[in-house]
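Summary of the model geometry
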Amino acid sequence: PVELGGGIRSLGDVERWLAVGVERVIIGTIALTQPEIVDEAVSKFGADRIVVGIDGRNGKVAIRGWEEQTEAGVLELALKMRDLGVRRIIYTDVHRDGELIGPNFDSTDELAREADIKVIASGGFSDVAHFEALQALQNPNIEGAIVGTAIYEGKIKLQQLTKRFRSEKV
């Protein structure tokens, strides 16, 4: 299955990507600026096909590729999305993304608990120990993790992760 995000600006964009076989579309900026599109997308395509990406900096939502800092709270947006029927979000602490220092475990855990929504953690994963620490939180709402830079730079092998966590929820 393929998930796709970035540049999703309309319900038509969502529909086009789903029509060509994308399993889930990740909506970012418009979740904050045009939540009615998220509402329509969830209603039309189902909550399992729509994921909201929330990028945070110091507890506030960053949008437009992290270029614009808002005053909207990360938790506030997550709660609003949950109320619109969204079932999962991808949460990235932008201070950690690509830095290979580990994700913001505290913020991720708190967001998953307080918003009572499935969270896919993102940003900073570079070692198997980071995934083990995420798992050790034992938060049933933390559904998974995204790793990118560490794989590109050879710091971690995807095979390591799949072997270690194949049958376990991370």
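Residues numbered from 1 in each chain as written. Predicted model: local features only at pLDDT ≥ 70, side-chain atom pairs only at ≥ 80, totals over all residues. Heavy atoms only, no water.

The subject of this paragraph is the overall build of the protein. If you tally the helices and strands in the protein, you get eight helices and eight strands. Taking 170 residues into account, the globule formula puts the C-alpha radius of gyration at 15 Å, and the protein, at 15 Å, falls close to it. The principal-axis extent of the C-alpha atoms belonging to the protein is close to 40 × 35 × 30 Å. Relative to its full complement of 170 residues, the protein shows a buried share of 44%. If you sum the accessible surface of the protein, you get close to 8800 Å²; carbon and sulfur atoms cover 47% of it. Each charge class in the protein was averaged separately, 21 positive and 27 negative side chains, and the resulting centres sit 5 Å apart. (Helix = DSSP H or I, 4+ residues; strand = E, 2+ residues; numbered from the N terminus. Rg over C-alpha atoms; globule rule 2.2 N^0.38 Å. Buried < 20%, exposed > 50% of the residue type's maximum accessible area, 1.4 Å probe, protein only. Areas by Shrake-Rupley, 256 points an atom, 1.4 Å probe, with all protein chains shown as cover. Lys, Arg positive; Asp, Glu negative; His and termini not counted. Charge placed at Lys NZ, Arg CZ, Asp CG, Glu CD.)

Another point: the nonpolar core. Nonpolar side chains in soluble globular proteins tend to end up buried together. V14, I27, V38, V52, I54, V86 and I89 are the most contacted members of the largest nonpolar core, which totals 44 residues. Considering every element that reaches this core, the biggest residue donor is helix α3 (residues 35–45), with five residues. Setting aside residues no more than four positions away along its own chain, I54 makes contact with V61, V74, L77, A78, I89, I90, Y91 and T92. (Core = buried A, V, L, I, M, F, W, Y, C linked by side-chain atoms within 4.5 Å. Contact = heavy atoms within 4.5 Å.)

The next point concerns the pairing of strand β3 (residues 50–57). With six of eight residues buried, β3 is to be regarded as a mostly interior element. Note: strand β2 (residues 24–27) against β3, three bridges, orientation parallel. Along β3, the bridge assignment pairs I26 with V51. Bridge count between β3 and strand β6 (residues 88–93): five bridges; the pairing is parallel. Across the sheet, G53 pairs through a bridge with I90, a residue of β6. (Pairing = 2+ DSSP bridges.)

Residues with a pLDDT of 70 or more make up 92% of the protein, whose mean pLDDT is 90. Least confident of the elements in the protein is helix α8 (residues 158–165), whose mean pLDDT is 84; most confident is α3, at 98. (pLDDT = per-residue confidence, 0-100.)

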